[in-house]
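Structure assessment
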Amino acid sequence: MQISVLVLDGVFDTGLAAICDTLQVANALASGGRNPFAVSRVGVRKRLTTGQGLNVPVDAPARRKPDLVLVPALAAKTPAVLDEALARSDVGRALDVLNDWHGRGVTVGAACTATFVLGAARLLDSQPATTTWWLAPTFRERFPLVRLDESRILIEAGPVVTAGAAVAHLDLALWVVRRVSPTLARETARYLAFDKREAQTSYAIFQRATYRDALVERFEAWARANLARFSTKRAARAIGTSQRTLERRLQQVLQKSPLRFVQDLRVADAVHRLETSDASLDEIAALVGYESGISLGNLLRKRTGLGVRALRARQ
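Description of the structure in this document. As the structure is a computational prediction, the values presented were derived from the model and not from experiment.

Once that is clear, we can look at the environment of threonine 132. Structurally, the position occupied by threonine 132 is in the loop between strand 7 (128–129) and helix 5 (136–142). For the pair threonine 132 and leucine 184, spaced 52 residues apart in sequence, the C-alpha to C-alpha distance is 27 Å. Not counting the four nearest positions on each side in its chain, threonine 132 is found in contact with Cys112, Gly164, Ala165 and Gln200.

This is how it looks when you write it as structure tokens:
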């Protein structure tokens, strides 16, 4: 399989290394001395540096189309820095390359902030996709036509594949290996001591969010302080708006109802408490607004893919 890794200036070092190293390990573990993955690093600039300032040798994109192109993340940790990166002229040229390859039937994959590059190339319009969980509100604001589900680690939508935050570069690379050989993908994951994950929900940081909407920010602050006794009516009154306006604004910004968003907060808070305290599940349930530990435990398994014991073991 011919794979082009499209490297942008200021690439996230870990993302680039995770993709290239995983495919290299898979080649080394492949039976019969064959290398199933021919990987090349390509770029639209002659000289590139990573987010950590390291030089990256790249080739110009070949006229002959690859089987697959992967885009590692940009080392942008805030919406403002990401906006600046996406506005660069070299990123604009990279979008042209991606559209050309995609138009010729090449499968395109990206992880973390590189999903914004695919969004800017209009490759995700009307398609399901995921992104790094903490930039999900910014993604929705930029790309309202995308059917975003930031709870997922990886989403395959025909010829376009998106993966979640940072270490999801490994999930993306293993997805590539799995297309060639599920057995080789399992061996590669074991070699890397990497477990398959289904959801990003259990990794969300309860205290962290990035919004550019003042009403949503006020709502989130009030909801976090009132998880145990939340109601949409009380929330709207507390932040000085109507219930209908609040519901409409959250749907516009987050594509979620207030109750669904509060459920996300409750899950994140419960995971945080399981990992950082010795409180019982029933005690945590009461603190986050559920009647019993059983109902909370069922929700956590559904949303995170992990049971209470597994979450507690991550202390």
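Take the packing of helix 12 (residues 281–288) against helix 13 (residues 293–304) next. In contact at an axis separation of 8 Å, helix 12 and helix 13 are set at 85° when each is read in the N-to-C sense. For the element pair helix 12 / helix 13, the angle class is roughly perpendicular. Residues Leu281, Asp282, Ile284, Ala285 and Val288 of helix 12 form the contact with helix 13, whose own contacting residues are Gly293, Ile294, Leu296 and Gly297. Counted by class, the contact of helix 12 with helix 13 contains six nonpolar, two polar and one charged residues.

Here arginine 122, not a glycine, exhibits a phi torsion of approximately 65°, which is positive. Phi angles above zero are rare outside glycine, and serine 126 is one such case at about 65°. Of the residues examined, serine 126 reaches a relative accessible area of 46% and is grouped as partly exposed.

Burial along strand 10 (residues 160–163) is two-sided: Val160 and Thr162 facing one way and Val161 and Ala163 facing the other are all buried. Note: strand 6 (residues 107–111) against strand 10, four bridges, orientation parallel. Bridge pairing in strand 10 links glycine 109 to valine 161. Between strand 9 (residues 154–157) and strand 10, which pair antiparallel in sequence order, lie two residues; one of them, glycine 158, sits at a positive phi of approximately 65°.

On to the sheet that holds strand 10, then. A sheet is described by the order of its strands in space; here six strands give the open sequence 2-1-5-6-10-9, paired in mixed fashion. The strands lining the two open edges of the sheet, one partner per strand, are strand 2 (38–42) and strand 9. Averaged over all neighbouring strand pairs, the angle between strand axes comes to 20°, with direction disregarded. Direction of pairing for strand 5 (residues 68–71) relative to strand 6: parallel, over a ladder of four bridges.

On to the packing of aromatic side chains, then. One pair of aromatic rings is described through two measures. These are the centre distance and the angle between the planes. Applying the stated criterion to the full structure yields six aromatic pairs. Considering the side-chain rings of phenylalanine 116 and phenylalanine 143, the 6.0 Å spacing of their centres and the 65° angle between planes classify their relative orientation as edge-to-face. One end of the pair, phenylalanine 116, is in helix 4 (residues 114–120); the other, phenylalanine 143, is in the loop between helix 5 and strand 8 (147–148), with 27 residues separating them in the sequence. In this structure phenylalanine 116 comes out as buried when scored by relative accessible area, which is 0%. Take phenylalanine 143: its relative accessible area is 8%, and that puts it in the buried class.

Another aspect to go through is the nonpolar core. Core analysis: the largest hydrophobic core is formed by 37 residues, its most contacted members being Leu98 and Leu118. Secondary-structure elements contributing two or more residues to this core are strand 5, helix 2 (79–86), helix 3 (89–103), strand 6, helix 4 and helix 5. Here leucine 98 is in contact with Leu6, Val69, Val71, Val108, Val117, Leu118 and Leu123, once residues within four sequence places are set aside. Judged by nonpolar contacts, the second largest core, of 27 residues, contains Ile19, Leu23, Leu48 and Val56.

Before going further, it helps to spend a moment on helix 10 (residues 243–254). Over its twelve residues, helix 10 extends 16 Å from the first C-alpha to the last, a length consistent with the 16 Å expected when each residue adds 1.5 Å. Considered for burial, the residues of helix 10 that qualify are Leu246, Leu250, Val253 and Leu254. One side of helix 10 holds all its buried residues, which, seen down the axis, span an arc of 75°. Among the exposed residues of helix 10, those pointing more than 90 degrees away from its buried face are Arg244 and Gln252.

Definitions and cut-offs
- Residues numbered from 1 in each chain as written.
- Predicted model: local features only at pLDDT ≥ 70, side-chain atom pairs only at ≥ 80, totals over all residues.
- Heavy atoms only, no water.
- Helix = DSSP H or I, 4+ residues; strand = E, 2+ residues; numbered from the N terminus.
- Contact = heavy atoms within 4.5 Å.
- Axes fitted to C-alpha atoms, helices over the stretch in contact; angles between N-to-C directions.
- Parallel < 35°, antiparallel > 145°, perpendicular 65-115°, else oblique.
- Nonpolar A, V, L, I, M, F, W, Y, C, P; charged D, E, K, R; others polar.
- Buried < 20%, exposed > 50% of the residue type's maximum accessible area, 1.4 Å probe, protein only.
- Pairing = 2+ DSSP bridges.
- Phe/Tyr/Trp six-rings, centres within 6.5 Å; stacked < 30°, edge-to-face > 60°.
- Core = buried A, V, L, I, M, F, W, Y, C linked by side-chain atoms within 4.5 Å.
- Expected span 1.5 Å × (residues − 1).
- Arc of directions from axis to C-beta.

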